[in-house]
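# Remarks on the overall topology
In case you want the letters, here they are:
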Amino acid sequence: MPNELFSEPIKDVHREVTLTKLIKRFEHVKHQNTSCDGCAAEYIVGIRFKCDTCPQYDLCLNCMKNKVETDRHKANHPLVVIGDNHLKQIEWQDIEIGEILGQGGFGKFYAALWT
């Protein structure tokens, strides 16, 4: 079974999952219910970054690149790319949990297989 990222099949994670390709993939996505906490844009257009340390903290591409900091958010906080305004719900019994890949403010990050 091939790997997937944001419901799209990928064959080579190291070549296909790059920041440049993710920026291109999400360049027309409008996150209409999500404002940028860095520049206060009404909503984020394009790739969206969610802070893994600050609850409910989102950044647009420009604020991520400029390492914008606020009272709550610091530039060294880990960020997660969010593709849409919501994530698909997957039943736990359909997930095979693998090894721990890392951890952050929201918990641990595991390798997993959606069976």
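Numbers given to residues run from 1 along each chain, matching the order in which its sequence is written. Note on the predicted model: pLDDT of at least 70 is required for a residue's local features to be given, and 80 or more for side-chain atom pairs to be given and counted; whole-chain, interface and lining totals, by contrast, use all residues. Hydrogens and waters are ignored; side-chain quantities use all the structure's heavy atoms.

For the protein chain, the name recorded in an unreviewed UniProt entry is ZZ-type domain-containing protein, with Didymodactylos carnosus as its organism.

## Some words on the environment of Q56
To keep things clear, this is the line we draw: Strands here mean DSSP runs of E at least two residues long; helices mean DSSP runs of H or I at least four residues long; both are numbered from the N terminus. The contact criterion used is simple: two residues touch if any of their non-hydrogen atoms lie within 4.5 Å.
Note on placement: Q56 falls in the loop between strand 5 (48-51) and strand 6 (58-59). Other than its neighbours up to four places away in sequence, Q56 contacts D37, K50 and R72.

## Things to note about the state of the cysteines
Inclusion rule: Only a pair of cysteine sulfur atoms within 2.5 Å qualifies as a disulfide here. Under the scheme applied here, a residue whose accessible area is under 20% of the maximum for its type counts as buried, over 50% as exposed, and between as partly exposed, the area being computed with a 1.4 Å probe on protein chains only.
In this structure the tally under the stated criterion is 0 disulfides. Of all cysteine sulfurs, the one in C36 lies closest to C39, which takes part in no disulfide; the gap is 3.7 Å. Taking the relative accessible area as the measure of exposure, C39 reaches 45% and is therefore partly exposed. In this structure C63 is not part of a disulfide, and its nearest cysteine sulfur, from C36, lies 3.6 Å away.

## Considerations on the sheet that holds strand 5
The strands that make up a sheet are held in pairs by hydrogen bonds between backbone atoms, and each pair lies either parallel or antiparallel. To be explicit about the condition: Strand pairing is assigned whenever DSSP identifies at least 2 bridges connecting the two strands.
Spatial strand order, 6-5-7: 3 strands in an open sheet with antiparallel pairing. The sheet is open, and its two borders are formed by strand 6 and strand 7 (79-82), each paired with just one other strand. Here strand 5 runs beside strand 6; their pairing, made up of 2 bridges, is antiparallel. Bridged to F49 within strand 6 is L59.

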